[in-house]
Amino acid sequence: MPSFSLSNLYLNSHLKVVYFFLYMPIIVLMVLSFNKAGLPTVWSGFSVEWYGKLLDNESILNAAWNTLIVAVISTILSSILGTLLALGIERMKVNSGLDALLFAPMIIPDIVLAIALLSFFTMLDFTLGLHSIVLSHVVFNIAFVCAVVRTRLKNFDYSVIEASEDLGAGSFTTFRRVTLPIIFPGVLAGSLLAFTLSVDEFIIAFFTAGAGSSSTTLPMQIYSMIRFGVTPEINAMATIVMLVSFTMVFLSQRINKGITQ
Amino acid sequence: MKLLKSLGATALMLSASFSAQTTWADKLVISNWDGYMPADMVERFKKETGIDAEVALHATNEEIMGKVVASKGKGYDVLFVSSPFVEVLNKLDLIAKLDHKLIPNTKNLYSQANELNYDKGNKVSMPYAWGTTGLCYRADLMDEPTSWNDLLKPNDALKGKVTMLSTDRWLMAAGFLSLGYSVNSTNPSEIAEAKQVLKSAKKSILAYDDATFYAKLVSGEATMTHAWDGWCNYGTAENPNIKYVIPKEGTDMYVDSMVITKNSKMKKEAHAFINYVLSKEIGVWIVNNVMYKTPNEAAMSSIDPAMMKAYPNLAMSPDEILKQEQLRDLGKTQKAYTKAVTEILASN
Amino acid sequence: MRSSSRNMLLIAPGLGWLALFMVIPCVLIFMLSFFERGMYGGVDYNFNLENFVRAMDPIYLGILLDSIYIAGTATIVAILLAYPAAYAISLSPRKKQTTYLFFIMLPFWSNYLIRTYAWIVLLNREGLINNGLESIGVISEPLNLLYNEFAVITGLVYNYLPFVVLAIYSSISKLNPEVREASEDLGAPAWKTFLRVTLPLTAPGVAAGAVFVFVLSIGNFITPDLLGGGRLQMVGNLIYDQFLSARDWPFGATLSFILIGIMMMLLFAQAVIVNRGQIEKHEAKEEDVSSMNFSRQSLNEKEKSYA
């Protein structure tokens with residue numbers, strides 16, 4: 001059928017355009033990061049100077065390390081809490097109050113949550129630091145993990161669990177052997193989303209961070225760099241951040257394949 | 001259940017270990033704008049005084065104000081903020097009275113720097129840098145601008161090639177000055193008039209830009225920008241055709257100051273830091289590095305004349321600067337300013 | 001009974017966390033809505049409703065409408081780009097689908113600020129696109145591509161597109177190909193099959209993607225700030241400015257409260273669409289005679305209503 005192949009042709013070229021749209025800006029930044037002049041417009045020769053400058057910058061490395069700590073811990077906590085929440089809720093009757101509570105962290109403007117948490121922590125005389133960023137990031141991450149895991153649970157067959165328990169397996173064994181493998185792709189997707197959101201977030205982080213460089217995170221640094229001028233170090237930073245996150249996603253994809261197969 | 005318990009325990013342990021890490025460190029925390037002091041100044045301060053210190057960064061006055069108001073300033077010792085915010089922090093009782101005995105280097109300041117109207121006698125703040133707001137432009141691409149109207153009603157060649165500051169006080173100031181009003185006006189009809197002028201100016205503006213305007217001049221994206229004098233020098237450094245001028249209607253003067261939070265647990269060390277900044281030697285280093293004028297007479301008088309020649313606005317005398325009106329906090333009228341600015345930025 | 005108490009145990013830690021670190025702090029802030037900004041930016045605790053009256057000012061309504069327009073346009077563009085892409089992926093060989101999806105999602109995992117910054121480099125007057133077009137002689141004067149609605153919408157679409165593709169793909173891939181084939185066997189042209197069968201059945205995925213883009217776009221303030229050059233005000237900027245520039249927490253709280261109310265309504269509307277999709281699917285399963293019956297029936301019904 002000619003119309004069929006014509007629509008196929010369209011679909012395939014559309015897909016290519018989408019890939020082009022997604023990757024062109026990234027590739028441009030990566031190429032520019034090796035530009036000697038540092039100006040984004042003129043190519044003046046290959047250089048890794050900007051990477052050297054970046055790696056010499058102790059505060060950036062420190063911030064990157066802080067970001068990683070915050071993102072990893074908040075991802076672990078929110079993946080566990082969010083998954084449990086999803087498991088509990090999916091087996092309960094529809095409750096719109098509960099749904100609203102779970103939507104809320106996704107839609108409260110960042111600045112509101114930021115100011116609210118800082119005032120709250122101050123009221124309790126709670127010492128701020130990286131840990132207070134973790135506590136705050138878990139709030140919105142729980143909601144996103146829970147939402148992603150719930151979509152996975154939509155097609156879940158609960159009779160499998162009953163069967164397992166009828167056969168005498170304890171709840172924990174059932175969870176580990178039956179439930180977890182089934183929902184694992186959802187949990188993984190949710191935790192990747194949580195990780196990304198935590199690595200990107202900086203308004204809540206700025207407000208709930210302790211004062212001083214010991215709790216400065218990378219997005220705060222990047223925001224300040226972008227605001228204060230177009231320096232080629234941003235391109236180098238972009239390239240590194242992207243390579244690191246790409247490697248991580250790639251590895252987690254591998255792990256996922258290993259587990260589900 | 002076991003899982004939950006161990007989870008809770010882990011969370012607590014992690015929290016505890018982090019807080020231990022932060023409370024344990026008895027460091028002086030200084031918050032400043034990124035790039036507004038020599039990058040290794042705090043390192044040098046640590047070495048020379050033996051006081052442990054670290055730097056936090058804020059992108060805007062508003063950001064640090066939000067954080068300090070919500071946290072009562074806990075955790076911070078020294079803050080760099082612009083003069084109207086000194087007034088607010090003082091009224092909100094968040095900053096400490098300064099002990100001048102601990103800052104002998106105040107002797108290095110111009111006498112005029114002791115008479116700034118937002119804090120006469122520098123009771124709660126010490127001026128760090130000062131200057132004026134005006135027009136920063138490409139002398140090779142246009143004639144010298146003379147009036148605020150050259151920015152607000154640019155000729156056809158300049159349309160879409162000018163930028164303005166977006167921070168509410170300075171944006172409104174351009175409107176007020178073009179009409180001959182005070183930059184601290186609280187008169188509703190004057191505010192409305194300024195709003196109208198700025199609304200129509202928006203049509204010919206490329207962008208509102210507080211921080212990268214000089215880069216836009218260098219790249220050629222913009223031909224004229226609304227700018228702080230010191231920051232215009234960053235452009236001049238890359239292209240000597242970039243020049244600064246104060247429009248004939250006059251302008252405002254800004255002062256960026258250092259204050260000590262009331263909740264600081266290291267007030268003595270904080271005073272020592274301020275004293276360090278005000279020394280002659282460090283003062284010279286700051287001017288050469290950040291290219292802003294400072295009220296440090298001892299330092300300003302030993303700046304290399306070649307530097308003054310390359311960046312003429314550095315040579316402006318205190319009397320010339322003080323001729324301009326100083327920004328004051330607006331109290332309740334702030335609401336009206338914010339609303340006017342919202343209206344301007346939202347208009348088409 | 002046992003299972004319901006177990007469910008409570010499952011949800012207790014998560015809900016406890018949200019109660020402690022979201023509900024309590026935010027309720028404290030929202031209570032400020034009923035008070036007034038103090039002289040120097042603190043809070044005067046005299047109860048009144050003035051903030052809600054102020055919020056009804058046409059300026060704020062205008063900003064809300066502008067934000068809905070920008071977020072809405074971004075949503076529509078994202079879906080128009082994402083749907084055919086997701087469809088193309090679902091038609092490709094099974095083995096390749098994961099790889100294709102992987103490369104759609106990849107950019108999403110890099111830093112948001114950096115992805116936004118890339119567009120400044122591309123779109124500015126001296127940027128790559130303008131220079132490229134000039135050098136091949138398409139234009140003689142640089143175009144104003146940056147600092148306008150176009151740039152903001154491009155930035156929003158760029159940042160959220162991967163997630164939309166994923167959401168739509170997961171709907172399409174669940175679709176039983178027999179449904180489509182049945183419709184085509186009955187002689188329905190491909191576009192009719194698409195409009196009457198495929199599209200309605202994939203509505204939940206489209207709705208999930210749309211809500212994701214819309215919700216994250218309308219409260220966004222970084223993209224309008226960086227790519228809009230401050231020339232555009234969205235609700236996110238408005239709220240940010242109330243808290244920081246104006247130091248008017250009570251009014252900021254009021255505006256956020258209203259925004260959250262509006263978004264909640266949208267999210268519940270989406271939930272209704274998704275649930276309806278779910279019910280249709282269940283019905284399809286229950287018919288059991290294979291999905292062919294279902295599609296034939298629904299096609300007939302729709303044909304009738306069309307006539």
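Parameters at a glance
In this convention, every chain numbers its residues from 1, walking through the sequence in written order. Just so you know, chain letters begin at A and ligand numbers begin at 1, following the order they were written in. Owing to the predicted nature of the model, reporting of local features is limited to residues with pLDDT of at least 70; listing and counting of side-chain atom pairs is limited to 80 or more, with chain, interface and lining totals taken over all residues. Excluded from the side-chain calculation are hydrogens and water; included are all heavy atoms of the structure. Counting from the N terminus, the helices are DSSP H or I runs at least four residues long and the strands are E runs at least two residues long. With the radius of gyration taken over C-alpha atoms, the globule rule is written as 2.2 Å times the number of residues to the power 0.38. The buried label goes to any residue with under 20% of its type's maximum accessible area, the exposed label to any with over 50%, and the partly exposed label to all in between, with areas taken from a 1.4 Å probe on protein chains only. Contacts are assigned to residue pairs with any non-hydrogen atoms lying within 4.5 Å of each other. Areas reported here follow the Shrake-Rupley algorithm with a probe of radius 1.4 Å; residue values treat only the protein chains shown as occluding. For the purpose of counting charges, residues Lys and Arg are taken to be positive, whereas Asp and Glu are taken to be negative. His and the chain ends are not included. Taken as the charge location is NZ of Lys, CZ of Arg, CG of Asp or CD of Glu. As used in this record, nonpolar core signifies buried Ala, Val, Leu, Ile, Met, Phe, Trp, Tyr and Cys residues forming a set joined through side-chain atoms within 4.5 Å. Patch membership needs two things, relative accessible area over 30% and no salt bridge, and members are linked within 9 Å if like-charged or within 5 Å if nonpolar (Val, Leu, Ile, Met, Phe, Trp, Tyr). Each salt bridge in this description consists of a side-chain nitrogen of Lys or Arg and a carboxyl oxygen of Asp or Glu lying within 4 Å of one another. What counts as a domain boundary in this text is fixed by an automatic or database domain assignment. Accessible area, probed at 1.4 Å, shrinks when two parts are joined; the buried area is that loss added up over both. By the convention adopted, Pro, Cys, Tyr, Trp, Phe, Met, Ile, Leu, Val and Ala count as nonpolar, Lys, Arg, Asp and Glu as charged, and the other residues, Gly among them, as polar. To estimate how far a helix should extend, the number of its residues minus one is multiplied by 1.5 Å. One axis fitted to the seven residues ending at a residue, another fitted to the seven starting there: the angle between these axes is the bend at that residue. Here a polar contact is taken to be a pair of N or O atoms separated by no more than 3.5 Å, where protein atoms must pair a possible hydrogen donor with a possible acceptor and residues adjacent in sequence count only if both atoms sit in side chains. Axes here refer to lines fitted to C-alpha atoms; in helices the fit is confined to the stretch in contact. Angles between the N-to-C directions go from 0 to 180 degrees. The scheme is simple: roughly parallel for angles under 35 degrees, roughly antiparallel for over 145, roughly perpendicular for 65 to 115, oblique for anything else. Whether a crossing is left-handed or right-handed is set by the direction in which the near helix is turned from the far one by less than a right angle, anticlockwise for left-handed and clockwise for right-handed. Values of pLDDT, which run from 0 to 100, indicate the predictor's confidence residue by residue. Classification of ring pairs rests on two measures: the distance between centres of Phe, Tyr or Trp rings, Trp counted by its six-membered ring, which must be within 6.5 Å, and the angle between planes, read as stacked under 30 degrees, edge-to-face over 60 and tilted in between. Placement of a charge over a ring requires the Lys NZ or Arg CZ to be within 6 Å of the ring centre, with the centre-to-atom vector within 35 degrees of the ring normal.

Participant: Can you break down the overall build of chain B residue by residue, with the values?
Facilitator: Across its full length, chain B holds 15 helices and 10 strands. Relative to a compact globule of 348 residues, whose C-alpha radius of gyration would be 20 Å, chain B shows 22 Å and is just as compact. Scored against the burial criterion, the 348 residues of chain B give a buried share of 63%. Put simply, of all contacts in chain B between residues at least 6 apart along the chain, 74% involve residues at least 24 apart. Approximately 13,200 Å² of chain B is accessible, and the part contributed by carbon and sulfur atoms is 53%. Side-chain charges in chain B split into 39 positive and 40 negative, and the spacing between the mean points of these groups amounts to 7 Å.

Participant: Now, about the overall build of chain C: what can you tell me, with residues and values included?
Facilitator: Per the secondary structure count, chain C includes 14 helices and two strands. By the burial criterion, 57% of the 307 residues in chain C qualify as buried. Restricting to contacts in chain C with at least 6 residues of sequence separation, those with at least 24 account for 66%. About 13,100 Å² of surface is accessible on chain C, with carbon and sulfur atoms providing 67% of the total.

Participant: Requested: an account of the nonpolar core, with residues and values cited.
Facilitator: In terms of nonpolar packing, the biggest core is built from 300 residues, with A:Ile111, B:Met172 and B:Phe273 touching the most fellow members. Here the element with the most residues in this core is helix H3 (residues 58–91) of chain C; it accounts for 16 residues. Apart from the residues lying within four places of it in its own chain, the contact partners of A:Ile111 are A:Ile203, A:Phe207, C:Ile239, C:Tyr240, C:Phe243 and C:Leu244.

Participant: Describe a negative patch on the surface, and please don't skip the residues or the numbers.
Facilitator: Taken together, the side chains of C:Glu178, C:Glu181, C:Glu184 and C:Asp185 present a region of like negative charge at the surface. When you line up the elements, C:Glu184 lands in helix H8 (residues 177–185).

Participant: Summarise the domain arrangement of chain B; cite the residues concerned and give the values.
Facilitator: Residues and elements named next belong to chain B. Segmentation of chain B into domains returns domain 1 (2–130 + 255–322) and domain 2 (131–253 + 326–346). If you average the C-alpha positions of domain 1 and of domain 2, the two centres end up 27 Å apart. Counting residues at the interface gives 23 residues for domain 1, matched by 21 residues for domain 2. For the pair domain 1 and domain 2, the summed buried area comes to about 1,900 Å², and 54% of that belongs to carbon and sulfur atoms. Interface area lost by domain 1 to domain 2 is led by Asn117, Tyr292 and Asn313, which between them contribute 26%. For the interface between domain 1 and domain 2, the tally reads two salt bridges. The partner of Arg328 in a salt bridge is Glu87, with the nearest N and O atoms 2.9 Å apart. Elements supplying a minimum of two residues to the side of domain 1 that touches domain 2: helix H4 (83–91) and helix H14 (318–322). Each residue belonging to the side of domain 1 that touches domain 2 can be placed in one class, and the counts come to 15 nonpolar, five polar and three charged.

Participant: Before we move on, can you summarise helix H7 (residues 149–174) of chain C with the specific residues and values?
Facilitator: All names here are of chain C. For H7, which comprises 26 residues, the first-to-last C-alpha distance of 36 Å matches the rise-based estimate of 38 Å (1.5 Å per residue) to within 8%. The axis of H7 is deflected most strongly, by about 50°, at Tyr160, and proline Pro162 appears within four residues downstream. Here H7 lies mainly inside the structure; 20 of its 26 residues are buried. With a side-chain oxygen positioned 3.2 Å from the backbone nitrogen of Phe150, the residue opening H7 is Asn148.

Participant: Just give me the short version of the packing of helix H3 (residues 58–90) of chain A against helix H8 (residues 171–200) of chain A, but keep the residues and values in it.
Facilitator: Residue and element names in this part refer to chain A. Close contact between H3 and H8 brings their axes to 8 Å; oriented N to C, the two are set at 140°. With respect to their mutual orientation, H3 and H8 come out oblique. Regarding H3 and H8, the two cross each other, and that crossing is right-handed. Here Thr67, Leu68, Val70, Ala71, Val72, Ser74, Thr75, Ser78, Ser79, Thr83 and Leu87 of H3 come into contact with H8, specifically with Phe175, Thr179, Ile183, Val187, Ser191, Ala194, Phe195, Ser198 and Val199. The residue inventory of the contact of H3 with H8, partitioned by class, reads 11 nonpolar, nine polar and no charged.

Participant: An account of the side chain of B:Lys335 is requested, with residue identities and associated values reported.
Facilitator: Here B:Lys335 is to be found in helix H15 (residues 334–346). In this structure B:Lys335 is buried but unpaired, with C:Glu36 as the nearest side chain of opposite charge at 4.5 Å. Setting aside its immediate chain neighbours within four residues, B:Lys335 contacts C:Glu36, C:Arg37, C:Glu50, C:Arg54 and C:Asp248.

Participant: Quick rundown of the interface of chain A and chain C? Include the residues and the values.
Facilitator: Reports of interface size often rely on the accessible area that becomes lost once the parts have come together. Counting residues at the interface gives 86 residues for chain A and 81 residues for chain C. Counting the surface lost from both chain A and chain C, the interface buries some 7,600 Å², and carbon and sulfur atoms represent 81% of this. Considering only the side of chain A, the residues that lose the most area to chain C are A:Phe21, A:Leu22 and A:Ile107, jointly responsible for 8% of the buried surface there. One salt bridge in this structure joins C:Arg115 and A:Asp200, with 3.5 Å as the shortest N-O distance. At the junction of chain A with chain C, the criterion picks out eight residue pairs in polar contact (both at pLDDT 80 or more). Per-element accounting of the side of chain A that touches chain C gives the leading share, 17 residues, to helix H1 (residues 2–32) of chain A. Looking at the side of chain A that touches chain C, its residues break down into 66 nonpolar, 14 polar and six charged.

Participant: Now, about the interface of chain B and chain A: what can you tell me, with residues and values included?
Facilitator: Chain B puts 33 residues into the contact, and the matching count from chain A is 30 residues. Carbon and sulfur atoms make up 71% of the surface buried where chain B meets chain A, a total of about 2,800 Å² over both sides. Seen at the junction of chain B and chain A, the total is one salt bridge. The residue B:Lys74 makes a salt bridge to A:Asp125 at a minimum N-O spacing of 3.1 Å. Counting the contacts that link chain B with chain A gives six residue pairs in polar contact (both at pLDDT 80 or more).

Participant: Go over the pattern of salt bridges, please, and point to the residues and values.
Facilitator: Evaluated as defined, the whole model comprises 22 salt bridges over all chains. The residue B:Glu43 makes a salt bridge to B:Lys46 at a minimum N-O spacing of 3.4 Å. Taken as a pair, B:Glu43 and B:Lys46 lie in helix H2 (residues 41–49) at a separation of three residues, close to a single helical turn. Judged by its relative accessible area of 43%, B:Glu43 is partly exposed. B:Lys46 sits in the partly exposed class, given a relative accessible area of 23%. Across the pair C:Asp248 and C:Arg54 runs a salt bridge whose closest N-O atoms are separated by 3.2 Å. You can see C:Asp248 sitting in the loop between helix H12 (235–243) and helix H13 (249–287) and its partner C:Arg54 sitting in helix H2 (residues 50–55), a full 194 residues away along the chain. Here the salt bridges share partners, and the residues they tie into one network are A:Glu90, A:Asp99 and A:Arg150.

Participant: Tell me about the side chain of C:Ser67, residues and numbers included.
Facilitator: Checked against the element boundaries, C:Ser67 lands in helix H3. Setting aside residues up to four positions removed in sequence, C:Ser67 forms contacts with C:Gly72, C:Ile218, C:Gln233, C:Met234 and C:Val235.

Participant: Give me the confidence of the model for chain C: which residues, what numbers.
Facilitator: Residues and elements named next belong to chain C. Mean pLDDT for chain C: 83, with 88% of residues reaching 70 or above. H3 holds the highest mean pLDDT among the elements of chain C, 94, whereas helix H14 (residues 291–306) holds the lowest, 38. Note that residues 284–307 has pLDDT below 50 and, in this model, 19 contacts with residues that lie over four places away or in other chains. Interface scoring of the predicted complex returns ipTM 0.86; its pTM is 0.86.

Participant: Could you give me a rundown of the confidence of the model for chain B, with the residues and numbers involved?
Facilitator: In the predicted model, chain B carries a mean pLDDT of 91, and 93% of its residues have values of at least 70. Low pLDDT (under 50) marks residues 1–13 of chain B, which in the prediction has eight contacts with non-local residues, meaning those over four places away or in another chain.

Participant: Which residues make up the packing of aromatic side chains, and what values go with them?
Facilitator: Per the stated rule, a full pass over the model turns up 41 aromatic pairs over all chains. Through pairs of rings, three or more aromatic residues link up here, namely B:Trp33, B:Tyr36, B:Phe80, B:Tyr128, B:Tyr254 and B:Tyr292. A cation sits over an aromatic face here: B:Lys67 above A:Phe206, 5.3 Å from the ring centre. Positioned above the aromatic ring of C:Phe251, the side-chain terminus of C:Arg54 is 4.0 Å from the ring centre.

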